[in-house]
Structures are given as structure tokens and as C-alpha cells.
Amino acid sequence: MEQTTNNSQAIKNKLSILITQDGFSFCKGNKDTHTILDFKHKSFLSKQTPENLLKEIKTILEFSFLQEKETINELEVFYSNTLYTLVPDAFFSEKNLTDYLKFNTKILATDYVTFDNVESISAKNVYIPYTNINNYLFEIFGEFSFKHISSTLIDLFKKEDLENKVLLNVYSTHFHTIVFKDGKLQLANSFNYQTKEDFIYYLLFVLEQLELDPLNIPVFLSGNIEKEDQNFKILSTYIQHIEFFTEEYSSISLPENLTIDTQRHNLLIRQF
């Protein structure tokens, strides 16, 4: 759900924040010059509570970004958690947000449920953002935009010119699976995992249920996965066609003293 910034200045510098269950990333850049100005990332070995995430986010913001807060004209936050579900526009009613989630997510009385408009598939993505983090960021920056990462991934992945395809957006404790079959979205779901065996089991189960051949279906990867990883190695044992869902960044300038894993942080870099 978009919120509109009230900043009267021309939007130039943007801060994009990706918040996952096991870490977060900050990317500050200039949209006019397509330049990355600063980047910070922190990951954890296990899933963190929203309270712990907020504590760590405050520390990085206060020491790295708030000293030049006046140079940030736009803030966008991406949430990556498993607390979401897709609802086709034809069946969607804003009055029933909690009902859409209650069958696959434990909802607390204090949870705030919102939604994104996923235009490419004519659906709404209903999800729970971290209210404590949103409240803190609002106190610091005023109004800002936020969305669930799966909404952005679906819109981006829909543009790939393939009838059958799978996208795995991987993190240390969970991964998002987006599957298109015959050009139509068949599944958008997330799985928590602890071992590489968990990782491949969930994927193969999805392919089996959707009657997709692991030897023929192209699988695209994004996020926290590389060719040297155990997850990649076991994946390549069962999947024949693997590609990284990335793009060239020839138009984006990176400072010499700034090292960024462009594959892992592809989504944030795309913002500039």
C-alpha cells in the first residue's frame, strides 16, 4: 500500500530498505545520476523478532544515515516475510483483509494488515508489515512507501518472456517461490527451511504438484544464493536449467570504496 511523501523538494536521493526475517539492507542512491551513495547490510543466522530487528535498524540508521537525513528525499521499504497471501481482484474486498490471512497465518490482535496492488496479475497481495518498524520510520522520515517484496518480484518476473518458469528468492531462513505456467501465475508462496535438504524438498514438491518437469523448467535465482552455496549445489543436482535473475548495472555508478554483492542485493540496486 503506497503512502505519498509530503516533501516539497524535487526527489533526488532515495533510501531503500529491505527488511527480512533474518536481516536487512540499506541502499542510499541518487535517482537522477543513477549513483549508489551508501550501502549497509546485516544478516543473522536465525529468524529475528520484530523487536530485535527494530533495535538493530535503529543502530544502523543513527550511525550511518540519520546524520545526513536532510539529503534523503524519498524512503521506500520492502518487507520479506511469510505473512502474506494473494487474492484475485475479482474476489477482493478491503473489509476482509484479516479473513484472507487467518487460514495460513497466526494473526495477533495488534497486527496491522494491509495490501499491495499487483497490477501484472490483477490481484492484491495481503500481508502484515512490522508495525513497530513502520512507526519508528514514520517518526523519523514522515510518510513513506512500503510494500511486500513478493509484490515487486511478481511484477518484475512477469515480464520475463517465458511461458513456464520458476523464481526462487532466497534468504538464510526462508525463500519465496513464484511459478508461472503457460504464462499464468500458478503459485506464490514462501517456505521456512533449515537445511539444504529442506530447500530442495519444498521446490521439488511444488514442481510435482504443478506437474512441471525439473529437467525442463527454467529456474531463476535471486537473493542470498551463489554457485558455491550448498543450496545451489543440491539444486543443480535436480534442476537442469538454472539462471540468476539479475541484470547488468552499466548505467549505475558504484563508488570505488563501496563493495556490494549485486546478485544478493539486486532488488535494491534496481531502484536507482
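Just so it is clear, the model here is predicted, and its values are computed rather than measured. Within any chain, residue numbers begin from 1 and follow the written order of that chain's sequence. Given that the model is predicted, a residue must reach a pLDDT of at least 70 before its local features are reported, and side-chain atom pairs must reach 80 or more before they are shown or counted; all residues, however, enter totals for whole chains, interfaces and linings. By convention in this description, side-chain values take in all heavy atoms of the structure and omit both hydrogens and water.

Asks: I'm lost on the overall build of the protein in this one. Help?
Replies: Each helix is a run of H or I in the DSSP string that is no shorter than four residues. Each strand is a run of E no shorter than two, and both are numbered from the N terminus. For the protein, the helix and strand inventory stands at seven helices and 13 strands. With the radius of gyration taken over C-alpha atoms, the globule rule is written as 2.2 Å times the number of residues to the power 0.38. Relative to the 2.2 N^0.38 estimate, which gives 19 Å for 272 residues, the radius of gyration of the protein is 19 Å and therefore close to what a compact globule would have. Dimensions of the protein along its principal axes, counting C-alpha atoms only, are 55 × 50 × 35 Å. Evaluated residue by residue, the protein yields a buried proportion of 48% over its 272 residues. Between two residues, a contact is recorded if the distance between any of their heavy atoms is within 4.5 Å. Sequence separation of at least 24 residues holds for 61% of the intrachain contacts in the protein that already meet a minimum separation of 6. A 1.4 Å probe and the Shrake-Rupley method give the accessible areas. Residues count as covered only by the protein chains that appear here. Element-wise, carbon and sulfur atoms account for 47% of the exposed surface of the protein, whose accessible area totals about 13,700 Å². The buried label applies to any residue whose accessible area, calculated with a 1.4 Å probe on protein chains only, is under 20% of its type's maximum; exposed applies above 50%, and partly exposed to all values in between.

Asks: Got a minute to help me understand the packing of helix H5 (residues 196–209) against helix H6 (residues 230–238) in this structure?
Replies: Packed helix pairs are specified by the crossing angle of their axes together with the interaxial distance, meaning the distance between the axes. Look at H5 against H6: their axes get within 9 Å of each other, and the N-to-C directions meet at 40 degrees. When the interaxial angle is binned, H5 and H6 end up oblique. Classified by chirality, the crossing of H6 by H5 is right-handed. Packed against H5, whose contacting residues are Lys196, Glu197, Phe199, Ile200, Leu203 and Leu204, the element H6 presents Gln230, Asn231, Ile234, Leu235 and Tyr238 at the interface. When residues are sorted by character, Ala, Val, Leu, Ile, Met, Phe, Trp, Tyr, Cys and Pro go into the nonpolar class, Asp, Glu, Lys and Arg into the charged class, and all the rest, Gly among them, into the polar class. Split by residue class, the contact of H5 with H6 holds seven nonpolar, two polar and two charged. Each axis is a line fitted through C-alpha atoms, taken for helices only over the stretch in contact, and angles between the N-to-C directions span 0 to 180 degrees. Under this scheme an angle from 65 to 115 degrees is roughly perpendicular, one under 35 degrees roughly parallel, and one over 145 degrees roughly antiparallel; angles in between are oblique. Left-handed describes a crossing in which the near helix is turned anticlockwise from the far one by less than a right angle; the clockwise case is right-handed.

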